[in-house]
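Tertiary structure, described
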Amino acid sequence: MPLGLGRRKKAPPLVENEEAEPIRAGLDVAGLDSVGAGGAREGASLGTVTPGLPPPPASLRPRLVFHTQLAHGSPTGRIEGFSNVRELYAKIGEAFGILPADVMFCTLNTHKVDMEKLLGGQIGLEDFIFAHVKGQRKEVDVFKGEDALGLTITDNGAGYAFIKRIREGSIVHQMQLVNVGDMIESINGKSLIGCRHYEVAKMLKDLPRGRNFCLKLVEPLKAFDMISQRSGGARAGSGGGQLGTGRGTLRLRSKGPATVEELPSAFEEKAIEKVDDLLESYMGIRDSELAATMVEVGKDKRNPDEFAEALDETLGDFAFPDEFVFDVWGAIGDAKVGRL
């Protein structure tokens, strides 16, 4: 766990008198600098290792502190020392005295259920984290009159799949009980806790047409100004834009420590958006972190075969179809051309 040098008194977990507005909350992570033992600013990058040398001990890594609130309303908390989403939820649970399993997902710099601001695998160093926790459970019977339900599914990286987008005019769009941000707890009695988004999307796609099925959902607990909100999904083809205003982002990893990285280049942003659109088109999911991984794998490959082989090594569990892989290769190539 990243620790700060020096033996300064630790701030209390909850700061009652801080502003709720993220921009005014005075985040303690404006850049990549850390405070050394003598109090001087030291330019250190979390996870950066000089070639030939072992990684720095935890005590020498930068101390990154993020401010957070519960989206439906709470005092401001301070959290640090997490490397992945599960650890982040555990820190949020400690700060507010709730179970980590009660956290459904987080948004950055807004308390609203805004899917364009959904926390994925990266957090800007000045981002303010809002945690959305479980609210009301509901059960909905749906008649599948068409092959496509009009849902785009994503997940929180910690075992919960939820609705990221509802296509206007679709079957589900006509059902007022179903909203963007709802967690899909089960389908026809089969629990989906622990399932990835692509597994849930495939299960929905494979449901027989012309028959009813039962969805058990959990909606996020909402603040008063969000009660009438129908959906906060991103528009088709729209990018989320840069969330952080710091000089870098904290990238969370399922394996290994989190690292501070430079903000994505214009080429990477364009390529990630294109690949994310392809994920929705082919698989009914949106996952900017998965798209970023695919762009990272493919940006230095010389041909589609080399890219496909590298993709199998990195993301073999997804078993992407050849047509999809070829289109992703083309999207990365188009983004490169746009950069030149």
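Because the structure is predicted, anything quoted here is derived from the model rather than measured. (Residues numbered from 1 in each chain as written. Predicted model: local features only at pLDDT ≥ 70, side-chain atom pairs only at ≥ 80, totals over all residues. Heavy atoms only, no water.)

This part takes up the overall build of the protein. Per the secondary structure count, the protein includes 6 helices and 15 strands. Looking at the protein as a whole, 47% of its 340 residues are labelled buried. Working note: accessible area of the protein is about 17000 Å², and carbon and sulfur atoms make up 50% of it. (Helix = DSSP H or I, 4+ residues; strand = E, 2+ residues; numbered from the N terminus. Buried < 20%, exposed > 50% of the residue type's maximum accessible area, 1.4 Å probe, protein only. Areas by Shrake-Rupley, 256 points an atom, 1.4 Å probe, with all protein chains shown as cover.)

So, on to the nonpolar core. One finds Ile92, Ile184, Leu204 and Phe320 to be the most contacted residues of the largest nonpolar core, which totals 80 residues. Here this core gets 7 residues from one element, more than from any other, and that element is helix 6 (residues 322-339). Structurally, this core is a two-domain feature, drawing no fewer than three residues from each of domain 1 (63-221) and domain 2 (264-337). Those residues within four positions of Leu204 in sequence are excluded, and the remaining contacts are Lys144, Leu149, Leu151, Ile153, Ile184, Ile187, Phe213 and Leu215. (Core = buried A, V, L, I, M, F, W, Y, C linked by side-chain atoms within 4.5 Å. Domains from an automatic or database assignment. Contact = heavy atoms within 4.5 Å.)

So, about the environment of Val297. Tracing the chain through its elements places Val297 in helix 4 (residues 288-298). Taking C-alpha positions, Val297 is 8.0 Å from Thr314, a pair spaced 17 residues apart along the chain. Leaving out residues up to four positions away in the same chain, Val297 has contacts with Phe307, Ala310, Leu311 and Thr314.

This next bit is on the side chain of Lys301. Along the chain, Lys301 falls in the loop between helix 4 and helix 5 (304-315). Looking at Lys301, its side chain comes within polar contact range of the main-chain oxygen of Val297, at 2.8 Å. Setting aside anything within four residues of it in sequence, one finds Lys301 in contact with Glu306, Phe307, Ala310, Trp329 and Lys336. (Polar contact = N/O pair within 3.5 Å; in protein donor to acceptor, adjacent residues only side chain to side chain.)

Glancing now at the confidence of the model for the protein. Per-residue pLDDT for the protein has a mean of 76; in total, 69% of the residues score no lower than 70. pLDDT under 50 marks residues 1-50. Its contacts with residues more than four places away, or in other chains, come to 103 contacts. This stretch, residues 232-246, has a pLDDT under 50; its non-local contacts, to residues over four places away or in other chains, come to 38 contacts. (pLDDT = per-residue confidence, 0-100.)

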